[in-house]
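Working through the structure, step by step
One-letter residues, chain by chain:
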Amino acid sequence: GVLATAAEFEFRKRDAAEVKADEALLASLLGTPDPMTPQDRVAMKDVWNKCLGWISMTGEHFVECLFLRCPDLLHILGAVPSELAYDMFVSVIDLAVRNLNRRTEVVARESYAASPLRGDVEPPFRTLAEGFEQFAQMGMRPRHWKEARALFLLTMRRVNPYLEENDAELLSLGTSSCAYRFWTHHVMKPALLAIQEVDGIFESEDNRRMLAESFEPLAADKVRSGVLFYRKLFSQYPEVMPYFGRTDMNFLAGHLFDAVELLVSVFNDFEKALPILRHLGKIHDNKRIPVFTYAAIGEVLDATLREALPQYDDGTSEGEALRRVWLALVNRTVLITTRISFISERLLHKALEWSEQCKEELKWSDAYLAKRKLDIETEIRTGGTYTHTEEEIVHGARVSWRNSAKCVGRISWNTLLVRDRRHVTNLDHMFAECLEHQRLATADGSLKAVMTVFRPRQPGTRMGQRFWNAQLVRFACYEYEDGNLMGDRANKQYTDEVINFGWKPPVPRTDFDVLPIVIEDPITGTTKMFELPEEYHKVTMITHPKYPDFDKLGLRWCVVPTVTCFTLRLGGLEYTCCPFNGWFMESEITRDLLESGRMNKMEAIADAIGVDSSDEDGFWREHVMLETNKAVMHSFRRDGYSIVDHVTAQSQFLAHDMREKKLGREVPAQWSWVVPAAGGSTMPIWHHEMRDFYVEPQYDYQAEIFAVRKESSVPEEELLTSGNDEIAGFEKILILHASTTGTAEGCAYQAKKLLRPLQVTVASCEEHNPKELFSDCVAGGGEYAAVLLITSTFGEGNPPPSAEDFFSVVKSLSSEELKGVPFAVMGIGSTIYPDYCQAGIDLDKALSAAGGKQIFPLTKGDEVNGREETVLQWIASIGSIFDIQQKKALVASGDSAGVSEADPVTVTLLSEEDDKVTAAIAEEKELAENDPSAGAVARYLPRGYKLCKMTMNDELVSFPNAEAKQMFRSTRFLEFDLNGVCSMKGANELSYETGDHARILPMNDPSLVLGMCQCLNINPSQWIELSVNDGPALTTSITRVGDLFALEIDLATQQDDGNLALLDKLVKAGRASNDEGEAATKELNQLEALLERLVEAADLAMDSNGCDEGTSGALMREEARKKVIRSLTEAFVTIPSLLSQYPITSSKLALDDIVEVLPRLKPRFYSIASSSEMHPKKLQLSVGKLTITHNSTGKTRHGVSSHCLARGTPASSSAKAEETKDRDDGMAAAIQSAGATQYVRIGITKSTFRLPKEYAAPVIMVGPGTGIAPMLGFLQAREKAKASGVELGPCMVFFGCRAENDFLHSERMRNWAKEGIITDLQVAFSRLPGKPKEYVQHVVGRQRSEVWALLSNPACHYYICGDSQMAEDVFDELRATSMSAGGLDHIESVNFFRKMKEERRFQSDTWGVVAKREVALKKLVEKKYNQAEAWLEVVEEEKKENA
C-alpha cells in the first residue's frame, strides 16, 4: 500500500521563507575565518575528554534535549532514535573535536575512549564528512543544527561531573566560549555545507527531469533491466547469493525497477519519500539482507546504468551530471533504507556475543547455545527485540558489576542478589519493590549487595522507565535568601524539582532531610512521587569515640547506598530502571560529609576536634579526614551495620584483580575512583597500574530525565548569554616588569600564577605609560586594585635600558599624579655589585613621591642569596593583602568562579603549503634576498636589534704550543658593519656613543639544535605556529623548529634552578606514558629521585658539611640548595645532554612542553671596544671565549654568546672560522639559520660610561683582560681628538693578563703610549715564569704616588672595567692609596670617593666573576656578607694608628 504510482507525486519546493533563512544562516558562516584560538582548541579538547568519562550521561542528555526541542527530528531520524541518533551525534562531535589537533590524537595510553560508542559496535560512519553527509541526506536542517548548538553548550556546562572551575568559566562565555566557536565553525558550518550540497541536487527541477528522461529506457522493460542488474550482482559478488536463496528472482527483478521508478518520482519530495524508504528498509530487514551488501548493490547499479543508458557517464559534462544525480539518489536510498537493518544487526551482534559469553562462563552445552541463538535471532527479526532468560539477567547483572571500572568493591560480584522484576510495570508496585529491596539489603544488619531489575526500554521508545533521584536515600539541599546552602549540595537541583512537584519539606528544615522518590514512565506518561517510610531509610548517627564536640554536630548518614541512576546494558538491551546497592567504604561517607560540593562540614568538624583550620602547615584537612574516617567506622560498627575501611577495600580489590587474571579476564579500573581518597601512596593500590576500558555488560550513568525536560525548553538566548557578569568578582592586578636578562620578567609571570584567582595582567614597563597608572587603577576610576613592579638594576644603579623612559617619567611626576595608587616594588639584584637593587630603590621612592600608596615595603631579592625564596615570600605577602587563600577556598568550594588558565603554550604543525609559511618565506626573501639564512635570522630580530655583518674575527692571543692552549683563553677581536639587515620590527638606525654597550643575541650551536630535535624526534625544518599564553613572548609565532631552538630557546642547563620545571615535565611525561618496560621504569625512577633532590634542596637541614668553616650562617641554606643544583648542571651542561641521558622519557615530551619550561635566549652585554668618533658605522668588540670545565665531572660548559661569536665567519673571508672547520655542512641545510655565520643580532644599550668633556682632564683606566674593551674606545677617541689638534691630559692605563701571549692589543697600546695617547701604561702579568703572581691592584699599589697625583685632581676621571672581585680589590687599594699617599683618614677617604661618584668621575663597568666561578663567587659573597666585620677591623686599625 505504501508503494504508490509515480503519477501521484509532483515537484515540490521548500517554503521560500525557509530557503531564505537557511541561506542567510549559511552566508553568515561562509568566508569567516576559524574563530577558535589555540587556547579554545585546547579547552574544547579538554572539556570533551572530561565528557567522555560520562559520555553515556552527557550524550543522552544532549540527544534527548534535542528531540524535545525539535520533535520533528523524531520523524526525520526514524523510530529508533535513542540507539542510532546517540551514536551519530556523539560520533560527529567526537570526530570534530579530535580534528582540532590531530597531533594530540596519538594516544600514548588509554584516554577515556578511542571512540565514544558503547561497546564493540560498528560506528555509523568513519569520517566527519560522511557523518555530515548522512545527516543532510536524512533530512536534518540548518535550524536543527542551530538549536543543537545551544543545547551543546548547556550539556557541556551542566552535565559533566569532571568539569573544573576554569572549564566552567570558559564555557560560561556564551558566544565567546570555546564550545560555541567549536560548534559554529567545526560542526554547524560543515553540516550546513553538506545540506547545501544535498539541497542543490534534490531540489533541482532540472535534475528531476533529467532523471525521469534517463529512466524511460529502463522503465520500458523493467524485468529485463532487473535481470541485468542481478546477473552482474551475483557474478561479481557471489557471497550475497544466499540472501536471495528462496526469492522469486523474476518478481524481484521487476520489483527492483518499480521501486526505482517510485524513487525517481519522489526525487524532489523528501517528506513523501521518507516513509517509502523506511518501508523498503523493513522489507529488506525481514529478508535479512545485511547492510554490508548495499555497497555492492550501489556499485552494480552504477554499472547497470552505465550499460543500459548510453548518455550515462559518457565523458560529457551532461553525462557526469547525470551520474552524479543517480548516485546521490542511490546513496540516500541506501542510507535511509539500511537504518533499520543497521540497528537490528547491532542488536543481534551484541545478543549473540552475550550468549557466547554465557556459554563460556555458565558452562552451557553447544546444543543449548545453538538453540538459544536461534531463539534470539527469531525474536529480533520478528519483534525488533528479544527477552533474556532469568539466568541471563542474573549473570548479566553480576558481570556488569564485575566490569564497572569505577567500583573498588567488586570482589563480591558473583554473590549479588538479583531480583527479576521485569513483570512489574505499575509505578506503585515498583515503589513497593524498592521498599522490599531496602529490607533485603539490611535484613540482618550485615548488608547484602542487591539489584532489582525492572523491564527494559521497549523498541521505539526513548528514555524508558526511570527514577528522578540518583539514589533511593538522599538528603535535601535548601537555599537561603542570602544565597547560602544547607544540606547536600549535590541534590540542589533535585530538591528544587520535587518541591515544585509538590513535596513539603519537614519543619524545621535540617541538613539531613530525606528526599522523596520519583518514578516516571514515559510510555504511559505517568510520574509519581513516594515518601520513603522511616524504617526503609535507615541512618546512623556519626559520633566520635574521642571528641564529644563532634557528636554535637548531629551528623548522620544513610546505611545503604542504593543507586538508581544506572542503565544496565546487557546483550544489546537497556534496563533503565534497576536499583543496585553494595555497601559503603568509610572514606566515601567522609568525602560526602567534608567536600564543599556535598555537605561542606570540613571546618565545622575541624572546630569540633580542636584543629586550627588556618594552619596550613599543620595539614589540618588531612587531620580532619582521618578523624572523620574514624568516626564513620566507629558509628557503623556501633550500630551493627556493614562497612568496609579503605585499607581492606584496596586489599580486596587487589585480590579480585589477581583472581580475575588467573581466570583469563582483565579487570577494567579507573584509577581516580578505585584508589581510596585516604592513604595515598601508602596504599599498595596507589602503585598498581590499571587499564580503564569499556566492556559490556555494563552499568552506565543516565541523564536526569527531569533535567532533560526542563533544560530542553530553555530559550536559546538564555543559553548563549555570557556568564562574564557572574565571574568578575576578584580584584585585577597589574604587574609591570623592567628586565635586562629576563629574570624580572620571569618573576612577574611566576607572581601571576601564584596570585590566582586574582585577575593578573603582566606587561613590560616599556609598554606602559606611567602617567596612565592613576586612570588604570581603581583610585582613578580604572580596573586595577594595585600595581606591582619588579625591576632589575643595570650598570651603575641604573634601570634596565628598556625601562629608562618609564623611570624618567615616574621621577618627573608631581606629588598628586599618582595619588592613592596602591603599589609594591620588588627589586632584583646582586650584593656583589655596589649599587645593589638601586633601580628598585629609586622606583619605590619615585612612586611614593608621586602620591602612590605603598601597600608593602620595598623588597630586595639577592641573586647570590636566596632570591627565589625572597620572591616567593613577597608574592605570598601580596597575596595575603588580597586574602588570596580565602578566594582560593571560594573557588574550590564552587562558591565563586576562578580565573581561566589557558594552556601556557600551544604548538600547531604547519605544512610547507600553508599560507602562513608562504608569507614567512616571502618575508625572509624580502629581508635578505641573496642570503636565505640571513633572512631566516632577520625574522627573529626583536625591536631595537639589527642583523649586522661580521667584518673581522681575529684571534688576539697567541698559542705557540699545547701548553699555551691550556694556560690562555682564546679572545677575539670582532668588527661589525652597522649597516645591516633590518627586520620590519627592528630599529631603522643603529648608532652608538663611545662607552656604550652592545647587546648580542647569540645563536645556539647547530649541533645542540640537532641534538635537541633528535631527543624530541622532530624534524628541524618542520614549520610550526606557536602561541604563548602565559610567559615571555617569542619574537615570531611562525617558525621552523630548528630556527626556534637556534635563535629563541636557551639550550644550556640553568645554574640558578637546575631546570626544575623541565625535570618536572619529564617526570610527568614518564608517569603518564605508563611504560612498564625495564628501561623506561629505570629512567623514571632516576628522574623522580633527581627531581625530589632538587625540590627538597632549599629545605635541606643546615649543617656544616661541605661548607667551609666560617661561612656566614645566612649563606648555608643557599649553599645547600646550590650544591644539589651544581651536581646536576655539572653532569649535564646542555639540555640535549640531559634529555639524551633519558631517551625513552624524553621522547614523550611535547614541543609545547619544551617551549613552556625552557628559558629564552637572553642578550649578552659587551662593552664596545671602538670609538664612534673614529668608527661611526663600525662596531668593535673584544670577547673572551668562555669555557668552564667542571672539576667534579670533567664536563665543559661553553659560553653561548662567546662561542657563537667565535664561530662567526667574516664577510670578507672565504674560509670558515675555527669552530666551523670540521662542522658538518649539512647542518645549514637542516637548520635554515645555521648558515648565517656572517651575521650577528646586535642592539645598542646606552651607558653612562663616558670620557670627560674636556680631553685635558686627567684619566685613570683599569681594565685587565677583556675589561680593556671600553678603554679601547676611549683611547681611539683620544687618538681622534689629538689628530684634530685637541690637547690631551694625562692618561694612566692599568692592564692585567697572564703573560705576553694574552696581552690583548699590546701593539696598539704600546703605540698609543709612544704617541702620548697613553701617558703611563702599566701591565700586570700573573703567570710569568719564575716570578710571583701580580694583579692590577698590586701594580696600582706600587704606583700610589703617581696614582694619587692624578686622582687628587678635581677634574680626574677614574674608569674600571672587569669582574666584580677585581674591582673590589682595586678599590681597596685606592682607598689605601688615598690614606697613605693622600694623608686622608678613613672618613675622609670615604667622603672623597663618594664625591667622585656623585660627580660621575668614578665609573665602573663590572660583571660577575667567571673564571673559577664557584670558588671566586663564594669568596666574594662571603666578603659581602662580612663587610661589617671588615669595616670594623679597618676602623679599629686606624684608631690604633692614631693612638
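This one's a predicted model, so the numbers in the text were calculated from it and none came from an experiment. (Residues numbered from 1 in each chain as written. Predicted model: local features only at pLDDT ≥ 70, side-chain atom pairs only at ≥ 80, totals over all residues. Heavy atoms only, no water.)

Quick look at the overall build of the protein now. Helix and strand counts for the protein come out as 55 helices and 36 strands. Among the 1443 residues that make up the protein, the fraction classed as buried is 54%. Put simply, 77% of the contacts in the protein that link residues at least 6 apart link residues at least 24 apart. For the protein, the computed accessible surface area is about 61,900 Å², with 51% contributed by carbon and sulfur atoms. (Helix = DSSP H or I, 4+ residues; strand = E, 2+ residues; numbered from the N terminus. Buried < 20%, exposed > 50% of the residue type's maximum accessible area, 1.4 Å probe, protein only. Contact = heavy atoms within 4.5 Å. Areas by Shrake-Rupley, 256 points an atom, 1.4 Å probe, with all protein chains shown as cover.)

With that out of the way, let us pick up the pattern of salt bridges. Taken as a whole and judged by the stated rule, the model has 63 salt bridges. Here Arg141 makes a salt bridge to Asp199, at a shortest N to O gap of 2.8 Å. With Arg141 in the loop between helix 6 (128-138) and helix 7 (142-158) and Asp199 in helix 9 (residues 178-202), the pair connects residues that are 58 residues apart, well separated along the chain. Considered together, Arg141 and Asp199 belong to a single accessibility category, that of buried residues. Measuring nitrogen to oxygen at the nearest pair gives 3.2 Å for the salt bridge that ties Arg939 to Glu923. One end of the pair, Arg939, is in the loop between helix 36 (932-938) and strand 22 (945-955); the other, Glu923, is in helix 35 (residues 915-927), and 16 residues separate them in sequence. (Salt bridge = Lys/Arg side-chain N within 4 Å of Asp/Glu carboxyl O.)

Attention now moves to the pairing of strand 6 (residues 517-521). Across the 5 residues that make up strand 6, a large majority, 5, are buried. Burial along strand 6 is two-sided: Ile517, Ile519 and Asp521 and Val518 and Glu520, pointing in opposite directions, are all buried. Note: strand 3 (residues 466-467) against strand 6, 2 bridges, orientation antiparallel. By the bridge assignment, Phe467 is partnered in strand 6 with Ile519. (Pairing = 2+ DSSP bridges.)

Take the sheet that holds strand 35 (residues 1357-1363) next. Judged by pairing direction, the sheet is parallel, and its 5 strands sit side by side in the order 34-33-32-35-36 without closing on themselves. Both edges of this open sheet fall to strand 34 (1320-1325) and strand 36 (1402-1407), since each of them pairs with a single strand only. Mean inter-strand twist for the sheet, computed between neighbouring axes without regard to direction, equals 10°. Relative to strand 36, strand 35 is paired through 6 bridges, and the arrangement is parallel. Its bridge partner being in strand 36, Tyr1359 is matched across the sheet by Gln1403. Strands in contact with helix 48 (residues 1269-1283) are strand 32 (1259-1262), strand 33 (1291-1297) and strand 35; relative to strand 32, the strand with the most contacts, it is inclined by about 145°. (Axes fitted to C-alpha atoms, helices over the stretch in contact; angles between N-to-C directions.)

A word on the packing of helix 1 (residues 16-29) against helix 9. Packing of helix 1 against helix 9 leaves a shortest axis separation of 10 Å and a crossing angle of 135°. One finds that helix 1 runs oblique with respect to helix 9. In the crossing of helix 1 with helix 9, the sense of the turn from one axis to the other is left-handed. Within the contact between the two elements, helix 1 uses Leu25, Leu26 and Leu29 and helix 9 uses Thr184, Met188, Lys189, Leu192, Leu193 and Gln196. (Parallel < 35°, antiparallel > 145°, perpendicular 65-115°, else oblique. Left-handed = near helix turned anticlockwise from the far one by under 90°.)

Following the sequence through the fold, Trp183 ends up in helix 9. In this structure Trp183 comes out as buried when scored by relative accessible area, which is 0%. Taking the C-alpha atoms as reference points, Trp183 and Ala150, 33 residues apart in sequence, are found 9.2 Å from one another. Apart from the residues within four sequence positions on either side, Trp183 is in contact with Phe62, Ile93, Trp145, Ala148, Arg149, Phe152, Met188 and Lys189.

Time to look at the sheet that holds strand 11 (residues 566-570). On the basis of which strands lie adjacent, the open sheet formed by 3 strands has the order 12-11-14 and antiparallel pairing. The sheet terminates laterally at strand 12 (573-575) and strand 14 (698-701), the two strands that pair on one side only. Pairwise comparison of adjacent strand axes, ignoring direction, gives a mean angle of 30° for this sheet. Note that strand 11 and strand 14 share 4 bridges and pair antiparallel. Counted as the bridge partner of Leu568 is Tyr699 from strand 14.

Across all of its chains, the model carries 42 aromatic pairs by this definition. Geometrically, the ring pair formed by Phe62 and Phe89 is edge-to-face, given 5.8 Å between the ring centres and 75° between the ring planes. Of this pair, Phe62 sits in helix 3 (residues 55-69) while Phe89 sits in helix 5 (residues 81-98), placing them 27 residues apart in sequence. Take Phe62: its relative accessible area is 3%, and that puts it in the buried class. Relative accessible area serves as the criterion here: at 0%, Phe89 is assigned to the buried category. Counting every residue linked through ring pairs, the aromatic cluster contains Trp54, Trp401, Phe566, Phe580, Trp583, Trp673, Tyr699 and Tyr701. Sitting over the face of the ring of Phe1402, Lys1397 holds its NZ or CZ atom 5.3 Å from the ring centroid. (Phe/Tyr/Trp six-rings, centres within 6.5 Å; stacked < 30°, edge-to-face > 60°. Lys NZ or Arg CZ within 6 Å of the ring centre and 35° of its normal.)

Taken together, the side chains of Glu603, Asp607, Asp612, Asp615 and Asp617 make up a negatively charged region of the molecular surface. Tracing the backbone shows Asp612 in the loop between helix 22 (602-608) and helix 23 (620-639). (Patch = residues over 30% accessible without salt bridge, like charges linked within 9 Å, V, L, I, M, F, W, Y side chains within 5 Å. Lys, Arg positive; Asp, Glu negative; His and termini not counted. Charge placed at Lys NZ, Arg CZ, Asp CG, Glu CD.)

Turning next to the confidence of the model for the protein. The predicted structure's coordinates, where accompanied by low pLDDT, should not be read in detail. Summarising the model, the protein shows a mean pLDDT of 82, and 87% of its residues fall at 70 or more. Mean pLDDT values over the elements of the protein span from 35, in helix 28 (residues 724-727), up to 96, in strand 32. Confidence drops under a pLDDT of 50 for residues 1214-1225, and excluding neighbours within four residues, the segment shows 20 contacts in the predicted structure. (pLDDT = per-residue confidence, 0-100.)

Turning our eyes to something else, we now look at helix 17 (residues 390-402). With 13 residues, helix 17 ought to run about 18 Å at 1.5 Å a step, and its terminal C-alpha atoms sit 18 Å apart, in line with that. Of all 13 residues making up helix 17, 10 are buried, and the element is well covered by its neighbours. Looking only at helix 17, the buried set comprises Glu392, Ile393, Val394, His395, Gly396, Ala397, Val399, Ser400, Trp401 and Arg402. (Expected span 1.5 Å × (residues − 1).)

Moving on, we come to the nonpolar core. In terms of nonpolar packing, the biggest core is built from 106 residues, with Trp48, Trp145, Phe152 and Trp326 touching the most fellow members. Counting residues per element, this core draws most heavily on helix 9, which supplies 14 residues. Filtering out sequence-adjacent residues up to four positions away, Phe152 remains in contact with Met44, Trp48, Phe62, Ile93, Ala179, Phe182 and Trp183. By size, the runner-up hydrophobic cluster in this structure holds 60 residues, among which are Leu927, Val981, Leu1010 and Cys1013. (Core = buried A, V, L, I, M, F, W, Y, C linked by side-chain atoms within 4.5 Å.)

Inspection of the secondary structure assignment puts Ser412 in the loop between helix 17 and strand 1 (417-420). Residues in contact with Ser412, not counting those within four places in the same chain, are Trp401 and Trp583.

With that settled, the discussion passes to the packing of helix 15 (residues 317-362) against helix 16 (residues 366-383). For the pair helix 15 and helix 16, interaxial distance at closest approach is 10 Å and the crossing angle is 160°. Taken together, the axis directions place helix 15 and helix 16 in an arrangement best described as roughly antiparallel. Seen along the crossing, helix 15 lies across helix 16 with a hand that is right-handed. Contacts between helix 15 and helix 16 involve Ser344, Leu347, Leu348, Ala351, Leu352, Ser355, Glu356 and Lys359 on the former and, on the latter, Asp366, Leu369, Lys373, Ile376, Glu377, Ile380 and Arg381. Split by residue class, the contact of helix 15 with helix 16 holds 7 nonpolar, 2 polar and 6 charged. (Nonpolar A, V, L, I, M, F, W, Y, C, P; charged D, E, K, R; others polar.)

Okay, the pairing of strand 34 next. Across the 6 residues that make up strand 34, a large majority, 5, are buried. Both strand 33 and strand 34 contribute to a ladder of 6 bridges, which runs parallel. Among the inter-strand pairings, Cys1297 is bridged to a residue of strand 34, identified as Phe1325. Traced from strand 33 through helix 49 (residues 1306-1315) to strand 34, the parallel crossover comes out right-handed. (Right-handed = clockwise from strand over helix to strand, strands pointing away.)

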